[in-house]
Amino acid sequence: MLRSAARQLRHSASQGLWLSSRGVAGVAEPAAAPTATVKLLIDGKFVESKTKDWIDEVVSRLPLCTAGEFNAAVQSSKDAFPKWRNTPVPQRARVMLKLQELINRHMDELAASVTREQGKTLADARGDVFRGLEVVEYASGIGRELMGEYVEHVSAGIDTFSLKQPLGVTAGICPFNFPAMIPLWMFPLATAAGNCMVLKPSERDPGAAMMLAELALEAGLPPGVLNVVHGTNDTVNAILDHPDIAAVSFVGSNAAGKHIYQRGCANGKRVQANMGAKNHAVVLPDANVEATVAALTGAAFGAAGQRCMAISAAVFVGGMGPYRAALLEKAKGLKLNAGWEEGADLGPVISPQAQQRIEGLIASGVKQGAACDLDGRGVSVPGYPHGNWVGPTILSGVTTDMECYQQEIFGPVLVCLELNPAMLTPTRSSPPTKQAGTLDEAIAIINANEHGNGTALFTASGAAARRFQQEVDVGMVGINIPIPVPLPYFSFTGWRGSFNGDLQMYGRMGVQFYTRVKTVTQSWKDAGAPGVIPGLAGVGASTPGKH
(Lines give C-alpha, C1' and ligand atoms only; values in the text may rest on other atoms or scores of the structure.)
Protein backbone atom coordinates (compact mmCIF):
# COMPACT_ATOMS: atom_id res chain seq x y z
CA MET A 1 0.00 0.00 0.00
CA LEU A 2 2.78 2.45 0.86
CA ARG A 3 4.61 1.60 -2.35
CA SER A 4 1.49 2.29 -4.40
CA ALA A 5 1.12 5.61 -2.57
CA ALA A 6 4.73 6.43 -3.41
CA ARG A 7 4.13 5.66 -7.08
CA GLN A 8 0.99 7.78 -7.05
CA LEU A 9 2.93 10.62 -5.44
CA ARG A 10 5.79 10.47 -7.92
CA HIS A 11 3.83 10.01 -11.12
CA SER A 12 0.30 11.38 -10.78
CA ALA A 13 0.23 13.90 -7.96
CA SER A 14 -0.22 16.67 -10.52
CA GLN A 15 -3.79 15.50 -11.06
CA GLY A 16 -6.54 17.14 -9.05
CA LEU A 17 -7.71 20.62 -8.22
CA TRP A 18 -5.23 21.45 -5.50
CA LEU A 19 -1.98 19.77 -6.52
CA SER A 20 0.66 21.15 -8.89
CA SER A 21 3.40 19.17 -10.60
CA ARG A 22 6.29 21.10 -9.07
CA GLY A 23 8.09 20.28 -5.89
CA VAL A 24 7.24 18.74 -2.56
CA ALA A 25 7.03 20.62 0.74
CA GLY A 26 10.30 20.88 2.61
CA VAL A 27 12.52 19.39 -0.12
CA ALA A 28 11.84 21.29 -3.34
CA GLU A 29 14.35 23.08 -5.49
CA PRO A 30 13.91 26.86 -5.89
CA ALA A 31 11.75 27.49 -8.94
CA ALA A 32 9.12 29.74 -10.41
CA ALA A 33 5.88 30.33 -8.57
CA PRO A 34 3.45 27.39 -8.72
CA THR A 35 0.58 27.67 -11.17
CA ALA A 36 -2.00 25.36 -9.61
CA THR A 37 -4.44 27.25 -7.41
CA VAL A 38 -6.40 26.00 -4.42
CA LYS A 39 -10.13 26.49 -4.76
CA LEU A 40 -12.75 27.58 -2.28
CA LEU A 41 -15.74 25.36 -1.52
CA ILE A 42 -18.86 27.49 -1.37
CA ASP A 43 -22.38 26.11 -1.51
CA GLY A 44 -21.30 22.74 -2.88
CA LYS A 45 -19.07 24.10 -5.66
CA PHE A 46 -15.30 24.42 -5.92
CA VAL A 47 -14.73 27.95 -7.13
CA GLU A 48 -11.74 30.11 -8.02
CA SER A 49 -11.21 32.99 -5.65
CA LYS A 50 -11.49 36.54 -6.98
CA THR A 51 -8.86 37.78 -4.53
CA LYS A 52 -5.77 39.72 -5.53
CA ASP A 53 -3.85 38.32 -2.56
CA TRP A 54 -2.22 34.90 -2.84
CA ILE A 55 0.33 32.82 -0.93
CA ASP A 56 2.79 30.88 -3.09
CA GLU A 57 3.56 27.56 -1.47
CA VAL A 58 5.82 24.88 -2.94
CA VAL A 59 2.89 22.85 -4.17
CA SER A 60 0.22 25.41 -5.04
CA ARG A 61 -1.05 28.96 -4.82
CA LEU A 62 -3.47 29.61 -1.97
CA PRO A 63 -5.95 32.50 -2.01
CA LEU A 64 -6.56 34.83 0.90
CA CYS A 65 -10.30 34.82 0.37
CA THR A 66 -12.13 38.11 0.10
CA ALA A 67 -14.62 39.37 2.66
CA GLY A 68 -17.40 38.75 0.16
CA GLU A 69 -16.32 35.15 -0.41
CA PHE A 70 -16.08 34.50 3.31
CA ASN A 71 -19.51 35.97 3.95
CA ALA A 72 -20.94 33.91 1.10
CA ALA A 73 -19.56 30.75 2.72
CA VAL A 74 -21.12 31.60 6.08
CA GLN A 75 -24.42 32.52 4.43
CA SER A 76 -24.41 29.23 2.54
CA SER A 77 -24.04 27.33 5.82
CA LYS A 78 -26.70 29.46 7.48
CA ASP A 79 -29.13 28.77 4.63
CA ALA A 80 -28.39 25.04 4.67
CA PHE A 81 -28.82 24.65 8.42
CA PRO A 82 -32.64 24.53 8.79
CA LYS A 83 -33.02 21.64 6.36
CA TRP A 84 -29.92 19.79 7.53
CA ARG A 85 -30.83 19.92 11.21
CA ASN A 86 -34.20 18.36 10.36
CA THR A 87 -32.60 15.62 8.27
CA PRO A 88 -33.26 12.33 10.09
CA VAL A 89 -30.39 11.22 12.28
CA PRO A 90 -30.04 7.83 10.52
CA GLN A 91 -29.67 9.65 7.19
CA ARG A 92 -26.91 11.86 8.58
CA ALA A 93 -25.23 8.76 10.02
CA ARG A 94 -25.34 7.05 6.62
CA VAL A 95 -23.47 10.01 5.12
CA MET A 96 -20.73 9.40 7.68
CA LEU A 97 -20.71 5.68 6.89
CA LYS A 98 -20.27 6.47 3.21
CA LEU A 99 -17.54 9.01 3.98
CA GLN A 100 -15.75 6.37 6.02
CA GLU A 101 -15.86 4.00 3.06
CA LEU A 102 -14.59 6.66 0.64
CA ILE A 103 -11.69 7.66 2.89
CA ASN A 104 -10.64 4.01 3.14
CA ARG A 105 -10.85 3.69 -0.63
CA HIS A 106 -8.73 6.81 -1.20
CA MET A 107 -6.27 6.29 1.66
CA ASP A 108 -3.25 6.21 -0.64
CA GLU A 109 -4.17 9.42 -2.46
CA LEU A 110 -4.82 11.22 0.82
CA ALA A 111 -1.54 10.03 2.30
CA ALA A 112 0.32 11.09 -0.85
CA SER A 113 -1.19 14.56 -0.58
CA VAL A 114 -0.14 14.87 3.06
CA THR A 115 3.43 13.78 2.28
CA ARG A 116 3.60 16.03 -0.76
CA GLU A 117 2.48 19.16 1.07
CA GLN A 118 3.52 18.61 4.69
CA GLY A 119 6.64 16.50 4.24
CA LYS A 120 6.01 13.64 6.71
CA THR A 121 6.74 10.07 5.67
CA LEU A 122 4.07 8.06 3.90
CA ALA A 123 3.74 5.81 6.95
CA ASP A 124 3.12 8.85 9.17
CA ALA A 125 0.77 10.30 6.55
CA ARG A 126 -1.32 7.14 6.53
CA GLY A 127 -1.47 7.36 10.32
CA ASP A 128 -2.59 10.98 9.96
CA VAL A 129 -5.51 9.92 7.77
CA PHE A 130 -6.35 6.83 9.80
CA ARG A 131 -6.59 8.61 13.15
CA GLY A 132 -9.02 11.05 11.56
CA LEU A 133 -10.95 8.17 10.02
CA GLU A 134 -11.58 6.80 13.50
CA VAL A 135 -13.53 9.96 14.35
CA VAL A 136 -15.62 9.50 11.20
CA GLU A 137 -16.41 5.97 12.37
CA TYR A 138 -17.44 7.34 15.75
CA ALA A 139 -19.62 9.97 14.06
CA SER A 140 -21.36 7.18 12.17
CA GLY A 141 -22.93 6.14 15.48
CA ILE A 142 -24.11 9.65 16.31
CA GLY A 143 -27.63 8.52 17.19
CA ARG A 144 -26.79 7.10 20.60
CA GLU A 145 -24.80 10.25 21.46
CA LEU A 146 -27.78 12.52 20.72
CA MET A 147 -30.10 10.75 23.12
CA GLY A 148 -31.61 12.98 25.78
CA GLU A 149 -33.13 12.18 29.17
CA TYR A 150 -36.73 11.68 30.26
CA VAL A 151 -38.44 11.67 33.63
CA GLU A 152 -42.19 11.16 33.78
CA HIS A 153 -44.47 12.31 36.56
CA VAL A 154 -42.18 15.01 37.91
CA SER A 155 -45.50 16.34 39.17
CA ALA A 156 -49.07 15.21 38.77
CA GLY A 157 -49.51 14.56 35.05
CA ILE A 158 -46.29 16.38 34.15
CA ASP A 159 -43.23 14.95 32.38
CA THR A 160 -39.82 16.54 31.77
CA PHE A 161 -37.33 15.59 29.09
CA SER A 162 -34.18 17.02 27.51
CA LEU A 163 -33.13 17.30 23.88
CA LYS A 164 -29.66 17.70 22.35
CA GLN A 165 -29.97 20.17 19.52
CA PRO A 166 -27.34 21.51 17.08
CA LEU A 167 -25.91 25.00 17.42
CA GLY A 168 -26.13 26.20 13.83
CA VAL A 169 -23.09 27.41 11.89
CA THR A 170 -19.76 26.30 13.36
CA ALA A 171 -16.17 26.86 12.24
CA GLY A 172 -12.92 24.91 12.31
CA ILE A 173 -9.40 26.37 12.17
CA CYS A 174 -6.72 23.77 11.41
CA PRO A 175 -2.92 23.52 11.88
CA PHE A 176 -0.26 22.40 9.39
CA ASN A 177 1.04 19.34 11.23
CA PHE A 178 -1.99 17.04 10.75
CA PRO A 179 -3.66 18.24 7.54
CA ALA A 180 -6.04 15.25 7.33
CA MET A 181 -6.61 14.23 10.95
CA ILE A 182 -7.59 17.60 12.40
CA PRO A 183 -10.24 18.47 9.78
CA LEU A 184 -11.66 15.01 10.47
CA TRP A 185 -11.73 15.79 14.18
CA MET A 186 -13.98 18.72 13.34
CA PHE A 187 -16.44 18.60 10.46
CA PRO A 188 -17.71 14.98 10.64
CA LEU A 189 -18.84 15.23 14.27
CA ALA A 190 -20.17 18.78 13.83
CA THR A 191 -22.24 17.89 10.78
CA ALA A 192 -23.38 14.49 12.06
CA ALA A 193 -24.82 16.34 15.07
CA GLY A 194 -26.85 18.52 12.69
CA ASN A 195 -24.62 21.60 12.38
CA CYS A 196 -23.05 23.20 9.34
CA MET A 197 -19.35 24.11 9.26
CA VAL A 198 -17.05 26.65 7.66
CA LEU A 199 -13.60 25.04 7.63
CA LYS A 200 -10.29 26.87 7.30
CA PRO A 201 -7.41 24.47 6.58
CA SER A 202 -3.84 25.51 7.24
CA GLU A 203 -2.55 27.80 4.52
CA ARG A 204 0.59 25.65 4.32
CA ASP A 205 -1.04 22.33 3.35
CA PRO A 206 -4.73 22.60 2.41
CA GLY A 207 -4.76 19.74 -0.11
CA ALA A 208 -5.90 16.91 2.15
CA ALA A 209 -8.75 19.01 3.56
CA MET A 210 -9.90 19.83 0.04
CA MET A 211 -9.82 16.17 -0.94
CA LEU A 212 -11.80 15.28 2.19
CA ALA A 213 -14.36 17.98 1.38
CA GLU A 214 -14.80 16.50 -2.08
CA LEU A 215 -15.29 13.06 -0.57
CA ALA A 216 -17.83 14.47 1.87
CA LEU A 217 -19.87 15.85 -1.02
CA GLU A 218 -19.64 12.49 -2.78
CA ALA A 219 -20.80 10.80 0.42
CA GLY A 220 -23.98 12.86 0.35
CA LEU A 221 -23.30 15.96 2.42
CA PRO A 222 -25.66 18.58 0.93
CA PRO A 223 -24.37 21.89 -0.50
CA GLY A 224 -23.70 24.44 2.22
CA VAL A 225 -23.38 21.97 5.09
CA LEU A 226 -19.60 22.15 4.65
CA ASN A 227 -17.87 25.18 3.18
CA VAL A 228 -14.10 25.69 2.94
CA VAL A 229 -12.34 29.06 2.99
CA HIS A 230 -8.66 29.98 2.96
CA GLY A 231 -6.56 32.69 4.48
CA THR A 232 -4.46 33.74 7.44
CA ASN A 233 -5.07 36.25 10.25
CA ASP A 234 -7.84 38.22 8.54
CA THR A 235 -9.84 35.07 7.80
CA VAL A 236 -9.40 33.83 11.37
CA ASN A 237 -10.61 37.16 12.77
CA ALA A 238 -13.55 37.13 10.37
CA ILE A 239 -14.54 33.73 11.79
CA LEU A 240 -14.25 35.03 15.35
CA ASP A 241 -16.25 38.19 14.64
CA HIS A 242 -19.04 36.88 12.42
CA PRO A 243 -22.33 36.95 14.35
CA ASP A 244 -23.76 33.89 12.57
CA ILE A 245 -20.96 31.55 13.69
CA ALA A 246 -21.90 29.96 17.01
CA ALA A 247 -18.83 27.88 17.84
CA VAL A 248 -15.16 27.63 16.86
CA SER A 249 -12.82 24.64 17.07
CA PHE A 250 -9.07 25.30 16.89
CA VAL A 251 -5.82 23.34 17.03
CA GLY A 252 -2.49 25.17 16.84
CA SER A 253 0.01 27.33 18.65
CA ASN A 254 -0.25 29.00 22.04
CA ALA A 255 -0.34 32.55 20.75
CA ALA A 256 -3.01 31.84 18.15
CA GLY A 257 -5.06 29.70 20.53
CA LYS A 258 -5.16 32.33 23.27
CA HIS A 259 -6.18 34.99 20.76
CA ILE A 260 -8.89 32.79 19.27
CA TYR A 261 -10.26 31.81 22.65
CA GLN A 262 -10.34 35.34 24.03
CA ARG A 263 -11.76 37.01 20.94
CA GLY A 264 -14.23 34.25 20.22
CA CYS A 265 -15.54 34.21 23.79
CA ALA A 266 -15.76 37.99 23.83
CA ASN A 267 -18.06 37.69 20.83
CA GLY A 268 -20.28 35.18 22.61
CA LYS A 269 -19.04 32.07 20.82
CA ARG A 270 -18.38 28.64 22.23
CA VAL A 271 -14.65 27.94 21.72
CA GLN A 272 -12.40 24.91 22.14
CA ALA A 273 -8.70 25.65 21.59
CA ASN A 274 -6.05 22.93 21.69
CA MET A 275 -2.67 24.63 21.95
CA GLY A 276 0.99 23.96 22.75
CA ALA A 277 2.60 21.21 24.78
CA LYS A 278 5.75 20.07 26.52
CA ASN A 279 5.15 16.37 26.99
CA HIS A 280 7.36 14.54 29.49
CA ALA A 281 8.27 10.88 29.71
CA VAL A 282 9.38 9.69 33.14
CA VAL A 283 11.68 6.67 33.10
CA LEU A 284 12.09 4.72 36.34
CA PRO A 285 15.12 2.44 36.90
CA ASP A 286 12.98 -0.69 36.67
CA ALA A 287 11.67 0.05 33.18
CA ASN A 288 12.44 -2.32 30.30
CA VAL A 289 15.39 -0.65 28.55
CA GLU A 290 14.80 -1.93 25.03
CA ALA A 291 11.07 -1.22 24.97
CA THR A 292 11.50 2.19 26.59
CA VAL A 293 14.20 3.29 24.16
CA ALA A 294 12.11 2.20 21.18
CA ALA A 295 9.12 4.10 22.56
CA LEU A 296 11.10 7.28 23.26
CA THR A 297 12.72 7.24 19.83
CA GLY A 298 9.44 6.96 17.99
CA ALA A 299 7.64 9.48 20.18
CA ALA A 300 10.40 12.11 20.08
CA PHE A 301 11.54 11.90 16.46
CA GLY A 302 8.55 10.51 14.53
CA ALA A 303 6.82 13.03 12.25
CA ALA A 304 10.00 15.13 12.75
CA GLY A 305 8.70 15.98 16.21
CA GLN A 306 5.95 18.15 14.73
CA ARG A 307 3.03 16.93 16.79
CA CYS A 308 1.47 18.24 19.95
CA MET A 309 1.72 14.84 21.63
CA ALA A 310 5.41 14.24 20.83
CA ILE A 311 7.62 13.36 23.78
CA SER A 312 10.04 16.28 23.89
CA ALA A 313 11.39 15.90 27.45
CA ALA A 314 12.55 12.70 29.16
CA VAL A 315 13.07 12.61 32.92
CA PHE A 316 15.40 9.76 33.93
CA VAL A 317 14.92 8.92 37.59
CA GLY A 318 18.26 7.77 38.95
CA GLY A 319 20.14 9.01 35.88
CA MET A 320 20.31 7.90 32.25
CA GLY A 321 22.57 4.92 32.99
CA PRO A 322 22.06 2.22 30.33
CA TYR A 323 19.55 4.35 28.45
CA ARG A 324 22.14 6.82 27.15
CA ALA A 325 24.04 4.48 24.83
CA ALA A 326 20.91 2.59 23.76
CA LEU A 327 19.04 5.80 22.95
CA LEU A 328 21.97 7.18 20.95
CA GLU A 329 22.30 3.96 18.96
CA LYS A 330 18.60 3.84 18.18
CA ALA A 331 18.39 7.51 17.19
CA LYS A 332 21.49 7.30 14.99
CA GLY A 333 19.85 4.46 13.09
CA LEU A 334 16.90 6.58 11.98
CA LYS A 335 16.87 7.53 8.29
CA LEU A 336 16.22 11.15 7.39
CA ASN A 337 14.86 11.49 3.86
CA ALA A 338 12.05 12.74 1.67
CA GLY A 339 8.77 11.33 2.95
CA TRP A 340 8.06 9.09 -0.03
CA GLU A 341 11.54 7.51 -0.16
CA GLU A 342 11.82 3.86 0.82
CA GLY A 343 12.87 3.41 4.43
CA ALA A 344 12.47 7.05 5.48
CA ASP A 345 11.86 7.37 9.23
CA LEU A 346 11.38 11.14 9.33
CA GLY A 347 11.10 13.86 6.74
CA PRO A 348 11.85 17.59 6.68
CA VAL A 349 10.31 20.17 8.96
CA ILE A 350 7.61 22.37 7.50
CA SER A 351 9.57 25.52 6.58
CA PRO A 352 12.99 27.22 6.65
CA GLN A 353 11.71 29.38 9.51
CA ALA A 354 10.85 26.27 11.55
CA GLN A 355 14.28 24.82 10.81
CA GLN A 356 16.01 28.01 11.98
CA ARG A 357 13.95 28.15 15.17
CA ILE A 358 14.68 24.51 16.06
CA GLU A 359 18.41 24.91 15.43
CA GLY A 360 18.38 28.11 17.50
CA LEU A 361 16.87 26.30 20.49
CA ILE A 362 19.45 23.52 20.19
CA ALA A 363 22.22 26.13 20.19
CA SER A 364 20.62 27.84 23.17
CA GLY A 365 20.64 24.59 25.14
CA VAL A 366 24.33 24.01 24.42
CA LYS A 367 25.15 27.60 25.36
CA GLN A 368 23.32 27.20 28.68
CA GLY A 369 25.23 24.06 29.58
CA ALA A 370 23.45 21.08 28.01
CA ALA A 371 25.49 18.39 26.27
CA CYS A 372 24.59 17.72 22.64
CA ASP A 373 24.93 13.94 22.55
CA LEU A 374 23.48 13.77 19.04
CA ASP A 375 23.39 16.85 16.82
CA GLY A 376 20.89 17.04 13.97
CA ARG A 377 21.91 20.51 12.81
CA GLY A 378 23.49 21.04 9.43
CA VAL A 379 22.64 17.60 8.08
CA SER A 380 22.27 17.00 4.36
CA VAL A 381 20.24 14.47 2.42
CA PRO A 382 21.60 13.30 -0.95
CA GLY A 383 19.42 14.49 -3.79
CA TYR A 384 17.63 17.12 -1.71
CA PRO A 385 20.12 19.92 -0.96
CA HIS A 386 17.41 22.52 -0.31
CA GLY A 387 15.39 20.53 2.23
CA ASN A 388 14.43 21.88 5.64
CA TRP A 389 16.42 19.14 7.32
CA VAL A 390 16.89 18.68 11.05
CA GLY A 391 18.08 15.27 12.16
CA PRO A 392 17.33 13.55 15.48
CA THR A 393 18.92 15.53 18.29
CA ILE A 394 19.52 14.54 21.92
CA LEU A 395 20.41 17.08 24.59
CA SER A 396 21.40 15.74 28.01
CA GLY A 397 22.14 17.48 31.27
CA VAL A 398 19.16 19.75 30.68
CA THR A 399 17.66 21.71 33.56
CA THR A 400 14.26 23.32 33.83
CA ASP A 401 15.63 26.87 33.60
CA MET A 402 17.01 26.31 30.09
CA GLU A 403 15.22 27.78 27.10
CA CYS A 404 15.33 24.44 25.27
CA TYR A 405 13.25 22.99 28.10
CA GLN A 406 10.88 25.89 28.58
CA GLN A 407 9.98 26.30 24.90
CA GLU A 408 7.98 23.89 22.76
CA ILE A 409 10.64 23.05 20.17
CA PHE A 410 8.27 21.31 17.73
CA GLY A 411 11.08 19.44 16.04
CA PRO A 412 13.04 16.16 16.34
CA VAL A 413 14.75 17.12 19.59
CA LEU A 414 14.66 15.19 22.89
CA VAL A 415 15.84 17.05 26.01
CA CYS A 416 16.93 14.75 28.84
CA LEU A 417 16.77 15.59 32.54
CA GLU A 418 18.45 13.34 35.09
CA LEU A 419 17.30 12.96 38.69
CA ASN A 420 19.92 11.37 40.94
CA PRO A 421 18.68 10.09 44.33
CA ALA A 422 21.41 11.95 46.22
CA MET A 423 20.09 15.24 44.85
CA LEU A 424 16.58 14.73 46.15
CA THR A 425 14.74 14.82 49.44
CA PRO A 426 11.46 13.10 50.35
CA THR A 427 8.26 15.09 50.55
CA ARG A 428 5.68 15.07 53.32
CA SER A 429 3.39 12.93 51.20
CA SER A 430 5.93 10.16 50.57
CA PRO A 431 8.10 7.87 52.70
CA PRO A 432 11.86 8.50 52.68
CA THR A 433 12.75 5.98 49.98
CA LYS A 434 14.81 6.75 46.92
CA GLN A 435 12.21 5.58 44.41
CA ALA A 436 9.30 7.42 46.00
CA GLY A 437 11.31 10.61 46.45
CA THR A 438 12.58 10.71 42.89
CA LEU A 439 9.19 9.86 41.43
CA ASP A 440 7.71 12.72 43.42
CA GLU A 441 10.38 15.02 42.05
CA ALA A 442 9.61 13.95 38.49
CA ILE A 443 5.91 14.59 39.05
CA ALA A 444 6.73 17.99 40.54
CA ILE A 445 8.74 18.94 37.43
CA ILE A 446 5.86 18.01 35.14
CA ASN A 447 3.27 19.78 37.27
CA ALA A 448 5.39 22.95 37.38
CA ASN A 449 5.43 23.16 33.58
CA GLU A 450 2.75 25.41 32.10
CA HIS A 451 1.45 22.73 29.73
CA GLY A 452 -0.62 19.68 30.55
CA ASN A 453 -1.29 17.87 27.29
CA GLY A 454 0.25 14.40 27.56
CA THR A 455 2.77 12.48 29.62
CA ALA A 456 4.09 8.93 29.99
CA LEU A 457 5.64 6.76 32.68
CA PHE A 458 7.87 3.78 31.94
CA THR A 459 8.06 1.32 34.80
CA ALA A 460 7.49 -2.27 35.91
CA SER A 461 5.80 -1.13 39.13
CA GLY A 462 2.03 -1.05 39.29
CA ALA A 463 2.17 0.96 42.51
CA ALA A 464 4.37 3.62 40.91
CA ALA A 465 2.10 3.74 37.87
CA ARG A 466 -1.00 4.20 39.99
CA ARG A 467 0.64 6.94 42.00
CA PHE A 468 1.80 8.70 38.83
CA GLN A 469 -1.56 8.64 37.08
CA GLN A 470 -3.22 9.96 40.23
CA GLU A 471 -0.81 12.80 41.04
CA VAL A 472 0.35 14.12 37.66
CA ASP A 473 -1.48 17.29 36.55
CA VAL A 474 -1.79 16.31 32.89
CA GLY A 475 -4.86 15.41 30.87
CA MET A 476 -3.64 12.35 28.92
CA VAL A 477 -1.41 9.80 30.65
CA GLY A 478 0.38 6.80 29.19
CA ILE A 479 1.72 3.93 31.27
CA ASN A 480 4.41 2.28 29.14
CA ILE A 481 2.64 4.00 26.24
CA PRO A 482 4.59 6.96 24.81
CA ILE A 483 1.83 8.86 22.99
CA PRO A 484 -1.46 8.26 24.83
CA VAL A 485 -3.87 9.78 22.31
CA PRO A 486 -7.26 8.25 23.16
CA LEU A 487 -9.56 6.63 20.65
CA PRO A 488 -12.70 8.64 19.82
CA TYR A 489 -14.82 6.77 22.36
CA PHE A 490 -12.99 9.05 24.79
CA SER A 491 -12.06 12.69 24.24
CA PHE A 492 -8.75 14.48 23.62
CA THR A 493 -8.28 15.86 27.10
CA GLY A 494 -5.36 18.29 27.27
CA TRP A 495 -5.22 20.37 30.48
CA ARG A 496 -3.93 23.67 31.77
CA GLY A 497 -1.87 25.69 29.25
CA SER A 498 -2.51 23.15 26.51
CA PHE A 499 -6.24 23.82 26.29
CA ASN A 500 -8.65 26.73 26.56
CA GLY A 501 -12.32 25.89 26.84
CA ASP A 502 -14.70 23.64 28.73
CA LEU A 503 -15.53 20.84 26.29
CA GLN A 504 -12.76 18.85 24.60
CA MET A 505 -12.49 17.55 21.07
CA TYR A 506 -14.20 14.42 19.76
CA GLY A 507 -15.80 11.69 21.85
CA ARG A 508 -18.74 12.46 24.10
CA MET A 509 -17.42 15.91 25.01
CA GLY A 510 -17.05 16.68 21.31
CA VAL A 511 -20.74 15.95 20.80
CA GLN A 512 -21.56 18.13 23.80
CA PHE A 513 -19.50 20.94 22.28
CA TYR A 514 -21.49 20.84 19.04
CA THR A 515 -24.90 20.59 20.73
CA ARG A 516 -26.90 22.41 23.38
CA VAL A 517 -29.48 21.00 25.75
CA LYS A 518 -33.09 22.06 25.65
CA THR A 519 -35.30 20.94 28.56
CA VAL A 520 -39.03 20.54 27.99
CA THR A 521 -41.67 20.21 30.70
CA GLN A 522 -45.10 19.24 29.44
CA SER A 523 -48.58 18.41 30.66
CA TRP A 524 -51.30 16.68 28.67
CA LYS A 525 -54.59 16.42 30.51
CA ASP A 526 -57.52 14.17 29.85
CA ALA A 527 -60.61 16.06 28.77
CA GLY A 528 -62.26 15.53 32.16
CA ALA A 529 -59.19 16.20 34.29
CA PRO A 530 -58.85 19.34 36.42
CA GLY A 531 -57.35 22.20 34.46
CA VAL A 532 -55.33 23.82 37.22
CA ILE A 533 -51.79 22.59 37.66
CA PRO A 534 -50.60 22.63 41.27
CA GLY A 535 -48.26 25.55 41.91
CA LEU A 536 -49.19 27.31 38.67
CA ALA A 537 -52.53 28.78 39.70
CA GLY A 538 -52.76 32.34 38.46
CA VAL A 539 -49.93 32.10 35.96
CA GLY A 540 -50.90 34.22 32.96
CA ALA A 541 -53.97 35.71 34.64
CA SER A 542 -54.37 39.47 34.96
CA THR A 543 -55.43 39.07 38.59
CA PRO A 544 -53.58 36.67 40.86
CA GLY A 545 -55.71 33.64 41.64
CA LYS A 546 -58.23 34.50 38.87
CA HIS A 547 -58.60 32.35 35.71
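Please read these numbers as outputs of a predicted model, since none were measured by experiment.

Definitions and limits used
- Residues numbered from 1 in each chain as written.
- Predicted model: local features only at pLDDT ≥ 70, side-chain atom pairs only at ≥ 80, totals over all residues.
- Heavy atoms only, no water.
- Helix = DSSP H or I, 4+ residues; strand = E, 2+ residues; numbered from the N terminus.
- Buried < 20%, exposed > 50% of the residue type's maximum accessible area, 1.4 Å probe, protein only.
- Polar contact = N/O pair within 3.5 Å; in protein donor to acceptor, adjacent residues only side chain to side chain.
- Arc of directions from axis to C-beta.
- Contact = heavy atoms within 4.5 Å.
- Axes fitted to C-alpha atoms, helices over the stretch in contact; angles between N-to-C directions.
- Parallel < 35°, antiparallel > 145°, perpendicular 65-115°, else oblique.
- Left-handed = near helix turned anticlockwise from the far one by under 90°.
- Nonpolar A, V, L, I, M, F, W, Y, C, P; charged D, E, K, R; others polar.
- Disulfide = S-S within 2.5 Å.

### Section: the environment of Thr399
Tracing the backbone through its elements, the reader meets Thr399 in the loop between strand S15 (393–396) and helix H14 (403–406). On the basis of relative accessibility, which here comes to 37%, the residue Thr399 falls in the partly exposed class. Taking C-alpha positions, Thr399 is 9.4 Å from Gly365, a pair spaced 34 residues apart along the chain. A distance of 2.5 Å separates the side chain of Thr399 from the side chain of Asp401, its partner in a polar contact.

### Some thoughts on helix H12 (residues 322–332)
Among the residues of H12, Tyr323, Leu327, Leu328 and Ala331 are the ones counted as buried. Considered in projection along H12, the buried side chains sweep an arc of 125° and stay on one side of the axis. Residues of H12 that are exposed and point over 90 degrees away from its buried face: Pro322, Ala325, Glu329 and Lys332. Among the structural elements, strand S12 (279–283), helix H11 (289–301), strand S13 (311–317), strand S14 (371–374), S15 and strand S16 (413–419) are those in contact with the buried residues of H12.

### Things to note about the packing of helix H9 (residues 233–241) against helix H10 (residues 254–266)
Two numbers describe a pair of packed helices, the interaxial angle and the distance between the axes. At their nearest, the axes of H9 and H10 sit 8 Å apart, and the two run at 30° to each other. Considering the angle they form, H9 stands roughly parallel to H10. When the axes of H9 and H10 are compared, the crossing they make is right-handed. For the pair H9 and H10, the contacting residues are Val236, Asn237, Leu240 and Asp241 in the first and His259, Ile260, Arg263 and Gly264 in the second. A per-class count over the contact of H9 with H10 returns three nonpolar, three polar and two charged.

### Regarding the state of the cysteines
Summed over all chains, the structure comprises zero disulfides. Left unpaired, Cys404 is separated from the closest cysteine sulfur, that of Cys372, by 9.9 Å. Given the relative accessible area of 0%, Cys404 is considered buried.

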